[in-house]
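# Inside the fold
In case you want the letters, here they are:
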Amino acid sequence: MGGVATDNSINDDGKGRNPRPTRRVRRRMTGTERREQLLDIGRTLFAERGFEGTSVEEIAAKAGVSKPVVYEHFGGKEGLYAVVVDREMSRLLSMVTGALTAGHPRELLEQAAFALLDYIDQYTDGFHILVRDSPVAQSTGTFASLIGDIATQVEDILGVEFKGRGFDAKLAPMYSQALVGMVALTGQWWLNVRKPKKAEVAAHLVNLAWHGLQGLEHDPQLVGRRRA
């Protein structure tokens with residue numbers, strides 16, 4: 001005897017036929033959510049293929065939207081790229097400047113080295129984007145200009161140290177560029193090889209910066225609390 005189904009698994013005609021599939025209502029993204037989605041997709045594609053190798057069509061397709069949506073939010077590929085670069089530059093600068101907390105100059109060097117290596121390790125896509133040349137980089141900033149901003153932070157620290165040791169404080173800007181540039185270039189190399197371990201790379205960078213070639217230690221050790 002056919003009965004009326006009490007749930008949605010059987011039709012009410014009692015013949016056991018599967019009911020019509022329930023259509024799920026897809027929630028529409030807010031403007032902010034769509035913008036963040038496009039930024040995430042663009043960031044991944046720019047890191048993999050560079051600015052020239054990435055198209056608005058592909059960004060839109062991966063987001064499941066039409067090209068006009070990308071233009072509506074960013075004005076085109078250039079605008080999207082500019083926002084991605086600006087965010088990565090701000091993130092890296094914040095990580096480095098926020099790490100400079102210790103009072104001892106050698107530990108400050110360790111902190112700066114770790115901060116840059118941490119960024120490379122945790123935000124590899126962002127680092128790939130920053131070190132690539134692109135038509136938009138000229139207007140939004142370059143990796144070189146970012147390194148200059150970080151060097152300015154280090155410059156103030158070196159200036160105080162130079163005065164305390166009787167050195168010419170006017171040379172602090174040059175030394176800060178040299179130190180930060182050394183860490184940045186080493187970081188680019190380490191991005192691809194990932195050997196030795198991060199802490200060992202930091203220790204050897206500080207070893208060279210602190211002792212110079214003549215006073216290099218055979219087995220440099222970190223003096224700060226961090227060990228990895």
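Anything mentioned here points back to the structure above.
Since this is a predicted model, take the numbers as computed values, not measurements.

A count of helical and extended segments in the protein gives 10 helices and 0 strands. Reading the protein from its N terminus to its C terminus gives the helix and strand order α-α-α-α-α-α-α-α-α-α. By residue count, 40% of the 228 residues in the protein fall in the buried class. Within the protein, contacts between residues at least 6 apart in sequence are counted, and of these 62% link residues at least 24 apart. Looking at the protein as shown, the accessible area adds up to about 13900 Å², and 51% of this sits on carbon and sulfur atoms.

Attention shifts here to the layout of surface pockets. Here the largest pocket defines a volume of roughly 660 Å³. Lining the largest pocket are 28 residues; nearest its centre among them are L109, L158, L179, A209 and W210. Counting only elements with at least two residues in the lining of the largest pocket, the list comes to α5 (105–122), α8 (143–165), α9 (172–193) and α10 (198–211). Broken down by element, the residue count for the lining of the largest pocket peaks at 8 residues, all from α8. Of the residues contributing to the lining of the largest pocket, the split by class is 26 nonpolar, no polar and 2 charged. Residue lining of the second largest pocket: A99, T101, A102, E107, E110, Q111, F114, A115, D118, G224, R225 and R226, and that is the complete set.

Tracing the backbone through its elements, the reader meets S176 in helix α9. Judged by its relative accessible area of 1%, S176 is buried. There is a polar contact of 3.3 Å between the side chain of S176 and the backbone oxygen of A151. With residues near it in sequence (within four places) discarded, S176 still touches A151, V154, E155 and L158.

The next subject is the packing of aromatic side chains. For any pair of aromatic rings, geometry is given as the distance between the ring centres together with the angle between the planes. Taken as a whole, this structure holds 7 aromatic pairs when the rule is applied. Seen in terms of ring centroids, F51 and Y81 are 5.2 Å apart; in terms of plane orientation they differ by 75°. Their pairing is edge-to-face. With F51 in the loop between α1 (31–49) and α2 (56–63) and Y81 in helix α4 (residues 77–99), the pair connects residues that are 30 residues apart, well separated along the chain. Of the two residues examined, F51 and Y81, each falls in the buried class. Feature note: the residues F46, F51 and Y81 constitute an aromatic cluster, connected by ring pairs. Here the basic side chain of R91 rests over the ring of Y123, its NZ or CZ set 4.1 Å away from the ring centre.

Next up on the list: α1. Over its 19 residues, α1 extends 27 Å from the first C-alpha to the last, a length consistent with the 27 Å expected when each residue adds 1.5 Å. Burial in α1 covers these residues: R34, Q37, L38, L39, I41, G42, R43, L45, F46 and A47.

Okay, unusual backbone geometry next. Across the junction of K195 and P196, the peptide omega takes the value -5°, indicating a cis bond. Positionally, P196 belongs in the loop between α9 and α10. Not every positive phi belongs to a glycine, and R194 is a case in point at roughly 55°. Note that R194 resides in the loop between α9 and α10.

Viewed as axis vectors pointing N to C, α5 and helix α6 (residues 124–131) meet at an angle of 105°, and their least axial separation amounts to 5 Å. Comparing their axes, α6 and α5 come out roughly perpendicular. Here α5 contributes Y119, I120, D121 and Q122 to the contact with α6, which in turn contributes T124, G126, F127 and L130. The class makeup of the residues in the contact of α5 with α6 is 4 nonpolar, 3 polar and 1 charged.

Procedures and definitions
Within every chain, residues take consecutive numbers counted from 1 along the sequence as written. Only residues with pLDDT of at least 70 are given local features in this predicted model, and only at 80 or more are side-chain atom pairs given and counted; all residues enter the totals for whole chains, interfaces and linings. The basis for the side-chain values is all heavy atoms of the structure; hydrogens and waters are excluded. Numbering of helices and strands runs from the N terminus, with a helix taken as a DSSP run of H or I at least four residues long and a strand as a DSSP run of E at least two residues long. Buried means the residue's accessible area, taken with a 1.4 Å probe over protein chains only, is under 20% of the maximum for its type, while exposed means over 50%, and partly exposed covers the values in between. Between two residues, a contact is recorded if the distance between any of their heavy atoms is within 4.5 Å. Computed by Shrake-Rupley with a 1.4 Å probe, the accessible areas treat only the displayed protein chains as cover when residues are assessed. With a 1 Å grid laid over protein atoms only, a set of points is called a cavity when a 1.4 Å probe fits there but cannot get out and a pocket when it is open yet has protein on both sides within 12 Å along at least five of seven lines; lining residues have an atom within 4 Å of a point. Grid points are joined across faces, edges and corners, and a volume is the space filled by probe spheres set on the points. We call Asp, Glu, Lys and Arg charged. Ala, Val, Leu, Ile, Met, Phe, Trp, Tyr, Cys and Pro are nonpolar, and the rest, Gly among them, are polar. Throughout this description, a polar contact denotes any pair of N or O atoms lying within 3.5 Å of each other; where both atoms belong to protein, one of them has to be capable of donating a hydrogen while the other can accept it, and for residues adjacent in sequence the pair is counted only when both atoms sit in side chains. For this analysis, a ring pair means two rings from Phe, Tyr or Trp (six-membered ring only for Trp) whose centres lie within 6.5 Å, classed as stacked if their planes differ by under 30 degrees, edge-to-face if by over 60, and tilted for the remaining angles. Put simply, a charge is over a ring when the Lys NZ or the Arg CZ is close to the ring centre, within 6 Å, and near the line of the ring normal, within 35 degrees. A helix's residues, less one, multiplied by 1.5 Å, set its expected span. Between N-to-C directions, angles cover 0 to 180 degrees, with each direction set by a line fitted to C-alpha atoms, over the stretch in contact for helices. Should an angle fall under 35 degrees it is taken as roughly parallel, and over 145 as roughly antiparallel, whereas 65 to 115 is taken as roughly perpendicular and any remaining angle as oblique.

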